[in-house]
Amino acid sequence: MTKTFKKSQKSKLGLYPEYLIKEVDRCLKSFLKRYEGIPEELRNSIRYSIESSGKRFRPVLSLATAQSLGFEISHVMPTACAIEFIHTYSLIHDDLPAIDNDDLRRGKPTCHRQFGEDIAILTGDALFAESFNIILKDQIADPDIKLRVLDELISASGASGMVAGQIVDVCSTGSIIPKERLEYMHLNKTAKLITAAVRSSAILCNAGPQILKGLTEYGLNIGLAFQITDDILDITSNSVLTGKTHGKDILQLKSTYPHLWGLEESKKIAERKISKAINSIKNINIDNRLLVDIARFILTRKA
Ligand code: GRG
(Lines give C-alpha, C1' and ligand atoms only; values in the text may rest on other atoms or scores of the structure.)
Protein backbone atom coordinates (compact mmCIF):
# COMPACT_ATOMS: atom_id res chain seq x y z
CA MET A 1 0.00 0.00 0.00
CA THR A 2 1.25 3.48 -0.81
CA LYS A 3 1.11 6.38 1.64
CA THR A 4 -0.79 9.18 -0.05
CA PHE A 5 1.33 12.22 -0.83
CA LYS A 6 -0.60 15.24 0.45
CA LYS A 7 0.02 18.68 -1.05
CA SER A 8 0.11 20.12 2.49
CA GLN A 9 3.17 17.96 3.15
CA LYS A 10 5.22 19.90 0.60
CA SER A 11 8.10 21.79 2.09
CA LYS A 12 9.92 25.07 2.53
CA LEU A 13 12.46 23.55 0.15
CA GLY A 14 10.04 24.08 -2.74
CA LEU A 15 9.30 20.83 -4.50
CA TYR A 16 11.51 18.79 -2.16
CA PRO A 17 9.58 16.42 0.15
CA GLU A 18 10.76 17.67 3.53
CA TYR A 19 8.47 15.22 5.35
CA LEU A 20 10.68 12.41 4.04
CA ILE A 21 13.77 14.04 5.60
CA LYS A 22 12.01 13.73 8.95
CA GLU A 23 11.30 10.04 8.36
CA VAL A 24 14.95 9.42 7.48
CA ASP A 25 16.18 11.40 10.49
CA ARG A 26 13.94 9.39 12.81
CA CYS A 27 15.29 6.10 11.50
CA LEU A 28 18.92 7.26 11.55
CA LYS A 29 18.46 8.26 15.18
CA SER A 30 17.19 4.80 16.03
CA PHE A 31 20.24 3.21 14.38
CA LEU A 32 22.55 5.45 16.44
CA LYS A 33 21.21 3.90 19.65
CA ARG A 34 23.01 0.67 18.89
CA TYR A 35 26.38 2.38 19.27
CA GLU A 36 25.91 3.05 22.96
CA GLY A 37 28.46 0.41 23.98
CA ILE A 38 31.30 1.52 21.69
CA PRO A 39 34.20 3.81 22.71
CA GLU A 40 32.90 7.25 23.60
CA GLU A 41 35.12 9.09 21.09
CA LEU A 42 33.74 7.05 18.19
CA ARG A 43 30.16 7.20 19.45
CA ASN A 44 30.35 11.00 19.67
CA SER A 45 31.89 11.47 16.24
CA ILE A 46 29.41 9.11 14.57
CA ARG A 47 26.52 10.92 16.25
CA TYR A 48 27.98 14.35 15.35
CA SER A 49 28.36 13.39 11.69
CA ILE A 50 25.07 11.55 11.20
CA GLU A 51 22.89 13.97 13.17
CA SER A 52 23.92 17.04 11.19
CA SER A 53 21.36 18.75 9.02
CA GLY A 54 21.88 17.31 5.55
CA LYS A 55 19.17 17.22 2.90
CA ARG A 56 19.23 13.43 3.05
CA PHE A 57 19.00 13.57 -0.74
CA ARG A 58 20.00 9.95 -1.40
CA PRO A 59 17.76 8.27 1.21
CA VAL A 60 14.86 10.56 0.29
CA LEU A 61 15.29 9.43 -3.32
CA SER A 62 15.18 5.79 -2.19
CA LEU A 63 11.95 6.41 -0.29
CA ALA A 64 10.42 8.34 -3.21
CA THR A 65 11.32 5.48 -5.54
CA ALA A 66 9.55 2.99 -3.25
CA GLN A 67 6.47 5.23 -3.18
CA SER A 68 6.52 5.54 -6.96
CA LEU A 69 6.33 1.75 -7.13
CA GLY A 70 3.41 1.54 -4.70
CA PHE A 71 5.40 0.47 -1.62
CA GLU A 72 5.50 1.85 1.92
CA ILE A 73 8.71 3.74 2.70
CA SER A 74 9.39 1.31 5.57
CA HIS A 75 10.01 -1.37 2.94
CA VAL A 76 13.31 0.26 1.96
CA MET A 77 14.13 2.43 4.99
CA PRO A 78 17.15 0.44 6.32
CA THR A 79 18.84 0.53 2.90
CA ALA A 80 18.01 4.23 2.53
CA CYS A 81 19.72 4.93 5.87
CA ALA A 82 22.67 2.71 4.96
CA ILE A 83 23.20 4.88 1.87
CA GLU A 84 23.24 7.99 4.08
CA PHE A 85 25.97 6.28 6.14
CA ILE A 86 28.04 5.76 2.97
CA HIS A 87 27.42 9.35 1.85
CA THR A 88 28.41 10.70 5.29
CA TYR A 89 31.56 8.59 5.17
CA SER A 90 32.46 10.09 1.80
CA LEU A 91 31.91 13.65 3.10
CA ILE A 92 34.11 13.07 6.16
CA HIS A 93 36.95 11.68 4.05
CA ASP A 94 36.46 14.31 1.34
CA ASP A 95 36.93 17.06 3.96
CA LEU A 96 40.18 15.64 5.37
CA PRO A 97 43.38 17.75 5.14
CA ALA A 98 44.85 15.23 2.67
CA ILE A 99 41.90 15.67 0.30
CA ASP A 100 39.88 18.94 0.32
CA ASN A 101 41.06 20.24 3.68
CA ASP A 102 37.71 21.79 4.55
CA ASP A 103 36.69 23.40 7.82
CA LEU A 104 32.94 23.59 7.41
CA ARG A 105 30.33 20.96 6.57
CA ARG A 106 26.58 21.15 7.03
CA GLY A 107 27.07 24.43 8.88
CA LYS A 108 29.38 22.92 11.53
CA PRO A 109 33.12 22.28 11.87
CA THR A 110 34.09 19.26 9.78
CA CYS A 111 34.58 15.97 11.60
CA HIS A 112 38.40 16.25 11.67
CA ARG A 113 38.18 19.86 12.89
CA GLN A 114 35.92 18.78 15.72
CA PHE A 115 37.53 15.50 16.74
CA GLY A 116 40.96 15.35 15.07
CA GLU A 117 42.11 13.70 11.87
CA ASP A 118 42.67 10.26 13.38
CA ILE A 119 39.13 10.04 14.75
CA ALA A 120 37.66 11.40 11.49
CA ILE A 121 39.37 8.73 9.37
CA LEU A 122 38.18 6.01 11.72
CA THR A 123 34.65 7.44 11.86
CA GLY A 124 34.43 7.27 8.07
CA ASP A 125 35.72 3.70 8.11
CA ALA A 126 33.17 2.72 10.76
CA LEU A 127 30.26 4.29 8.86
CA PHE A 128 31.20 2.49 5.65
CA ALA A 129 31.30 -0.91 7.39
CA GLU A 130 28.15 -0.18 9.41
CA SER A 131 26.22 0.64 6.24
CA PHE A 132 26.59 -2.98 5.13
CA ASN A 133 25.80 -4.20 8.62
CA ILE A 134 22.47 -2.36 8.45
CA ILE A 135 21.59 -3.95 5.13
CA LEU A 136 22.58 -7.41 6.32
CA LYS A 137 20.84 -7.21 9.70
CA ASP A 138 17.96 -4.75 9.32
CA GLN A 139 16.80 -4.81 5.71
CA ILE A 140 14.08 -7.40 5.23
CA ALA A 141 14.50 -9.05 1.84
CA ASP A 142 15.31 -12.41 0.29
CA PRO A 143 19.06 -13.18 0.32
CA ASP A 144 19.35 -12.92 -3.48
CA ILE A 145 17.71 -9.47 -3.41
CA LYS A 146 20.04 -8.36 -0.59
CA LEU A 147 23.03 -9.48 -2.63
CA ARG A 148 21.81 -7.41 -5.56
CA VAL A 149 21.39 -4.38 -3.29
CA LEU A 150 24.88 -4.86 -1.85
CA ASP A 151 26.27 -5.17 -5.36
CA GLU A 152 24.68 -1.81 -6.28
CA LEU A 153 26.15 -0.01 -3.28
CA ILE A 154 29.60 -1.60 -3.34
CA SER A 155 29.95 -0.96 -7.08
CA ALA A 156 28.85 2.66 -6.72
CA SER A 157 31.32 3.29 -3.87
CA GLY A 158 34.40 1.39 -5.00
CA ALA A 159 37.18 1.53 -7.56
CA SER A 160 34.73 1.88 -10.46
CA GLY A 161 32.58 4.36 -8.58
CA MET A 162 33.03 7.04 -5.97
CA VAL A 163 36.71 6.36 -5.29
CA ALA A 164 37.47 6.52 -9.05
CA GLY A 165 35.74 9.90 -9.29
CA GLN A 166 37.53 11.18 -6.23
CA ILE A 167 40.93 10.07 -7.52
CA VAL A 168 40.37 12.01 -10.73
CA ASP A 169 39.31 15.00 -8.63
CA VAL A 170 42.42 14.82 -6.44
CA CYS A 171 44.81 14.24 -9.35
CA SER A 172 43.40 17.00 -11.53
CA THR A 173 43.28 19.73 -8.90
CA GLY A 174 45.31 22.68 -10.16
CA SER A 175 45.03 21.76 -13.84
CA ILE A 176 42.39 22.06 -16.54
CA ILE A 177 40.98 18.70 -17.60
CA PRO A 178 39.09 17.80 -20.81
CA LYS A 179 35.29 18.08 -20.58
CA GLU A 180 34.85 14.31 -21.01
CA ARG A 181 37.15 13.74 -18.02
CA LEU A 182 35.07 16.15 -15.98
CA GLU A 183 31.89 14.24 -16.86
CA TYR A 184 33.64 10.96 -15.91
CA MET A 185 34.62 12.51 -12.56
CA HIS A 186 31.07 13.72 -11.81
CA LEU A 187 29.52 10.46 -12.95
CA ASN A 188 31.68 8.44 -10.58
CA LYS A 189 32.06 10.83 -7.68
CA THR A 190 28.39 11.71 -7.39
CA ALA A 191 25.97 10.27 -9.96
CA LYS A 192 26.63 6.57 -9.34
CA LEU A 193 25.71 6.65 -5.62
CA ILE A 194 22.60 8.71 -6.43
CA THR A 195 21.66 6.14 -9.09
CA ALA A 196 22.34 3.32 -6.62
CA ALA A 197 19.91 4.97 -4.17
CA VAL A 198 17.18 4.75 -6.81
CA ARG A 199 18.11 1.33 -8.18
CA SER A 200 18.58 -0.44 -4.84
CA SER A 201 15.15 0.76 -3.75
CA ALA A 202 13.60 -0.38 -7.04
CA ILE A 203 15.26 -3.79 -6.66
CA LEU A 204 13.80 -4.15 -3.14
CA CYS A 205 10.40 -3.27 -4.64
CA ASN A 206 10.69 -6.00 -7.30
CA ALA A 207 10.93 -3.59 -10.26
CA GLY A 208 11.24 -5.34 -13.64
CA PRO A 209 13.93 -4.62 -16.27
CA GLN A 210 11.95 -1.94 -18.13
CA ILE A 211 11.31 0.09 -14.99
CA LEU A 212 14.90 -0.38 -13.79
CA LYS A 213 16.17 0.89 -17.13
CA GLY A 214 14.08 4.06 -16.94
CA LEU A 215 15.03 4.65 -13.30
CA THR A 216 18.72 4.13 -14.05
CA GLU A 217 18.60 6.77 -16.78
CA TYR A 218 16.74 9.03 -14.34
CA GLY A 219 19.33 8.48 -11.57
CA LEU A 220 22.36 9.09 -13.77
CA ASN A 221 20.92 12.30 -15.22
CA ILE A 222 19.76 13.79 -11.92
CA GLY A 223 23.08 12.70 -10.39
CA LEU A 224 25.06 14.62 -13.00
CA ALA A 225 22.74 17.62 -12.73
CA PHE A 226 23.12 17.49 -8.93
CA GLN A 227 26.92 17.77 -9.17
CA ILE A 228 26.72 20.53 -11.81
CA THR A 229 24.44 22.54 -9.51
CA ASP A 230 26.85 21.81 -6.65
CA ASP A 231 29.63 23.38 -8.75
CA ILE A 232 27.36 26.34 -9.55
CA LEU A 233 26.37 26.86 -5.90
CA ASP A 234 30.04 26.97 -4.92
CA ILE A 235 30.13 30.26 -6.88
CA THR A 236 26.62 31.68 -6.56
CA SER A 237 25.50 30.69 -3.06
CA ASN A 238 26.99 31.37 0.36
CA SER A 239 28.21 29.47 3.41
CA VAL A 240 25.09 30.22 5.44
CA LEU A 241 22.91 28.49 2.84
CA THR A 242 25.21 25.64 1.81
CA GLY A 243 26.85 25.02 5.20
CA LYS A 244 30.16 24.69 3.30
CA THR A 245 33.08 27.02 2.65
CA HIS A 246 32.07 29.37 -0.18
CA GLY A 247 34.22 29.57 -3.35
CA LYS A 248 36.43 26.65 -2.38
CA ASP A 249 36.58 25.20 -5.92
CA ILE A 250 38.08 28.41 -7.31
CA LEU A 251 40.53 28.75 -4.42
CA GLN A 252 41.72 25.18 -4.92
CA LEU A 253 41.85 25.56 -8.74
CA LYS A 254 39.41 22.70 -9.32
CA SER A 255 38.02 21.79 -12.71
CA THR A 256 34.27 22.35 -12.46
CA TYR A 257 31.40 22.88 -14.91
CA PRO A 258 31.37 26.69 -14.52
CA HIS A 259 35.15 26.71 -14.91
CA LEU A 260 35.13 24.72 -18.19
CA TRP A 261 31.75 25.75 -19.65
CA GLY A 262 30.91 29.08 -17.99
CA LEU A 263 28.07 29.70 -15.55
CA GLU A 264 25.20 30.19 -18.00
CA GLU A 265 26.09 27.19 -20.17
CA SER A 266 26.46 25.05 -17.04
CA LYS A 267 22.91 25.97 -16.00
CA LYS A 268 21.65 24.99 -19.46
CA ILE A 269 23.47 21.65 -19.31
CA ALA A 270 21.90 20.95 -15.90
CA GLU A 271 18.45 21.84 -17.30
CA ARG A 272 18.94 19.47 -20.24
CA LYS A 273 19.96 16.64 -17.91
CA ILE A 274 16.86 17.21 -15.76
CA SER A 275 14.61 17.13 -18.87
CA LYS A 276 16.29 13.89 -19.92
CA ALA A 277 15.76 12.43 -16.43
CA ILE A 278 12.07 13.34 -16.44
CA ASN A 279 11.56 11.94 -19.95
CA SER A 280 13.12 8.64 -18.96
CA ILE A 281 10.45 8.00 -16.30
CA LYS A 282 7.51 9.32 -18.34
CA ASN A 283 6.60 6.10 -20.08
CA ILE A 284 7.25 3.50 -17.44
CA ASN A 285 4.55 2.10 -15.22
CA ILE A 286 5.19 4.07 -12.00
CA ASP A 287 3.63 7.01 -10.19
CA ASN A 288 6.40 9.40 -11.20
CA ARG A 289 5.10 12.63 -9.60
CA LEU A 290 7.42 12.76 -6.59
CA LEU A 291 10.48 11.75 -8.61
CA VAL A 292 9.67 14.52 -11.11
CA ASP A 293 9.39 17.05 -8.25
CA ILE A 294 12.75 15.96 -6.84
CA ALA A 295 14.38 16.26 -10.26
CA ARG A 296 13.00 19.79 -10.69
CA PHE A 297 14.12 20.74 -7.17
CA ILE A 298 17.74 20.20 -8.24
CA LEU A 299 17.55 23.21 -10.58
CA THR A 300 16.22 25.54 -7.91
CA ARG A 301 18.11 24.32 -4.86
CA LYS A 302 20.09 26.83 -2.84
CA ALA A 303 21.93 24.30 -0.66
C1 GRG B 1 33.26 7.01 0.66
C2 GRG B 1 33.57 5.05 -0.82
C3 GRG B 1 34.07 6.33 -0.35
C4 GRG B 1 35.21 6.83 -0.82
C5 GRG B 1 35.87 8.02 -0.38
C6 GRG B 1 36.23 11.05 -0.40
C7 GRG B 1 35.64 10.17 -1.43
C8 GRG B 1 36.20 8.82 -1.59
C9 GRG B 1 34.64 10.54 -2.21
C10 GRG B 1 34.02 11.88 -2.12
C11 GRG B 1 32.79 11.91 -2.89
C12 GRG B 1 32.11 13.22 -2.72
C13 GRG B 1 32.26 14.01 -1.47
C14 GRG B 1 31.35 13.68 -3.70
C15 GRG B 1 30.63 14.96 -3.63
C16 GRG B 1 29.19 14.69 -3.77
C17 GRG B 1 28.37 15.84 -3.28
C18 GRG B 1 27.72 16.72 -4.28
C19 GRG B 1 28.22 16.03 -1.98
C20 GRG B 1 27.29 16.98 -1.37
O21 GRG B 1 26.09 16.26 -1.18
P22 GRG B 1 24.78 16.91 -0.58
O23 GRG B 1 24.55 18.27 -1.18
O24 GRG B 1 25.20 17.12 0.94
O25 GRG B 1 23.69 15.93 -0.69
P26 GRG B 1 24.31 17.06 2.25
O27 GRG B 1 25.13 17.74 3.30
O28 GRG B 1 23.00 17.75 2.00
O29 GRG B 1 24.12 15.59 2.55
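All values derive from a computational prediction rather than experimental measurement.

Right, let's get into the overall build of the chain. The secondary structure content of the chain amounts to 15 helices and 2 strands. Computed over the C-alpha atoms, the radius of gyration of the chain is 18 Å, within 12% of the 19 Å expected from 2.2 N^0.38 for a compact globule of 303 residues. The dimensions of the chain, computed from C-alpha atoms along their principal axes, are 50 × 50 × 35 Å. Counted over contacts in the chain with a minimum sequence separation of 6, partners at least 24 positions apart contribute 74%. Working note: accessible area of the chain is about 13800 Å², and carbon and sulfur atoms make up 56% of it. Looking at charge distribution, the chain has the averaged site of its 41 positive side-chain charges lying 6 Å from that of its 36 negative ones.

By nearness alone, 20 residues border the ligand, and Lys55, Arg58, His87, Tyr89 and Arg106 come closest of all. Taking Lys55, its side chain carries an N or O atom lying 2.6 Å from an oxygen atom of the ligand. For the ligand, an oxygen atom lies 2.7 Å from a polar atom in the side chain of Arg106. Burial of the ligand by the surrounding chains reaches 93%, relative to a free accessible area of 750 Å². Sort the elements by how many residues they give to the shell around the ligand and helix 4 (residues 77-95) lands first, with 6 residues. When the residues that make up the shell around the ligand are grouped by side-chain class, the tally is 5 nonpolar, 8 polar and 7 charged.

Parameters and conventions
Residues numbered from 1 in each chain as written. Predicted model: local features only at pLDDT ≥ 70, side-chain atom pairs only at ≥ 80, totals over all residues. Heavy atoms only, no water. Helix = DSSP H or I, 4+ residues; strand = E, 2+ residues; numbered from the N terminus. Rg over C-alpha atoms; globule rule 2.2 N^0.38 Å. Contact = heavy atoms within 4.5 Å. Areas by Shrake-Rupley, 256 points an atom, 1.4 Å probe, with all protein chains shown as cover. Lys, Arg positive; Asp, Glu negative; His and termini not counted. Charge placed at Lys NZ, Arg CZ, Asp CG, Glu CD. Near = heavy atom within 4 Å. Polar contact = N/O pair within 3.5 Å; in protein donor to acceptor, adjacent residues only side chain to side chain. Nonpolar A, V, L, I, M, F, W, Y, C, P; charged D, E, K, R; others polar.

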